[in-house]
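Spelled out, the chains give:
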Amino acid sequence: MNISSTPDEFTTAFEFASIGMGLVSLEGRFLKVNKSLCNLLGYTSEEFTKLTFQEITHPDDLERDLEFVYKLINDEIENYQIEKRYFTKNGNVIWINLSGSKVKNPDGSFKHFIAQIEDITPRKNAFKKIEEQNFRIQNIIEGTNAGTWEWNVQTGATIFNKRWAEMIGYTLEELEPISIKTWLEIVHPDDAPI
């Protein structure tokens, strides 16, 4: 069965998509954007037509994005997806997941790019908090010179740190393969029942 969408179906899908979408020229100028993208970045659709994606992309992310664009133009890839940062109209920086592809005219010439833009700032911020917490915990463990071990009762997976092995006179390599049996073999027999 061949299902083709009419221009009205595409327009409806484009306009009412929950993620930001834009049609972008070969030079990077926004030709058309949807309401979600306007809401995300704070620009009106008219303001977008005066902008290029290069102008709103964080400078540290632009080169990598352009590498993918050139590959797309040269038919080396059909689409790409990257995480990068955009500047909003008020100057804030947000993280986005960008999916880029291109559309050709019937004669095979370039027509425009399609950009699908999802705000991933909350996920990036949560990940950053987890990284910071892990860094603090690691500093506490190293600062106190503590030996640690973990045992996942459901999976049987065990993790011992280097200091734990040193405290009992071994290296982690000498204890491999490491499992809960490693701990049971080393624990004092009087303490095993407890």
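See the structure above.
Our subject in this report is the structure included herewith. Just so it is clear, the structure is predicted and the values come from calculations on it, not from any experiment.

Across all of its chains, the model carries 9 salt bridges by this definition. Between R85 and D61 there is a salt bridge; the shortest N-O distance is 2.9 Å. Note that R85 is positioned in strand β3 (residues 79–87) and D61 in helix α5 (residues 59–73), a separation of 24 residues in sequence. Judged on exposure class, the residue R85 and its partner D61 are both buried. Through salt bridges that share partners, D75, K102 and K104 make up one connected network.

Now for the nonpolar core. Within the largest apolar cluster, 24 residues are counted, with the highest numbers of intra-cluster contacts made by F30, L41, F48, F53, I56 and Y86. Counting residues per element, the ones that place at least two in this core are β2 (30–33), α2 (35–41), α4 (53–56), α5, β3, β4 (93–104) and β5 (110–119). In terms of residue count, α5 provides more of this core than any other element does, 4 residues in total. Setting aside residues up to four positions removed in sequence, F53 forms contacts with V24, G28, F30, L62, D65, L66, V69, K84 and Y86. Core analysis: the next-biggest nonpolar cluster, separate from the first, contains 5 residues, F14, M21, L23 and I114 among them.

In this sheet, β2 lies alongside strand β1 (residues 20–24) in antiparallel orientation, the contact comprising 3 bridges. Along β2, the bridge assignment pairs V24 with F30. Hairpin connection from β1 to β2: 5 residues lie between these consecutive antiparallel strands, with G28 at a positive phi of about 100°.

Now for the packing of aromatic side chains. The full count for this structure, using the stated rule, is 6 aromatic pairs. Ring geometry for Y43 against F48: centres 5.3 Å apart, planes inclined by 65°, an arrangement best described as edge-to-face. On the basis of relative accessibility, which here comes to 1%, the residue F48 falls in the buried class. For the pair W149 and W183, a centre-to-centre distance of 5.3 Å together with 35° between the ring planes defines the contact as tilted.

What follows concerns the pairing of β4. Note that β3 and β4 share 9 bridges and pair antiparallel. Bridge pairing in β4 places Y80 opposite G100. The antiparallel pairing of β3 with β4 creates a hairpin that spans 5 residues between the two strands, and G91 there sits at a positive phi of about 95°. Strand direction decides the pairing type here: β4 and β5, joined by 9 bridges, are antiparallel.

What counts, and where the lines are drawn
Residues numbered from 1 in each chain as written. Predicted model: local features only at pLDDT ≥ 70, side-chain atom pairs only at ≥ 80, totals over all residues. Heavy atoms only, no water. Salt bridge = Lys/Arg side-chain N within 4 Å of Asp/Glu carboxyl O. Helix = DSSP H or I, 4+ residues; strand = E, 2+ residues; numbered from the N terminus. Buried < 20%, exposed > 50% of the residue type's maximum accessible area, 1.4 Å probe, protein only. Core = buried A, V, L, I, M, F, W, Y, C linked by side-chain atoms within 4.5 Å. Contact = heavy atoms within 4.5 Å. Pairing = 2+ DSSP bridges. Phe/Tyr/Trp six-rings, centres within 6.5 Å; stacked < 30°, edge-to-face > 60°.

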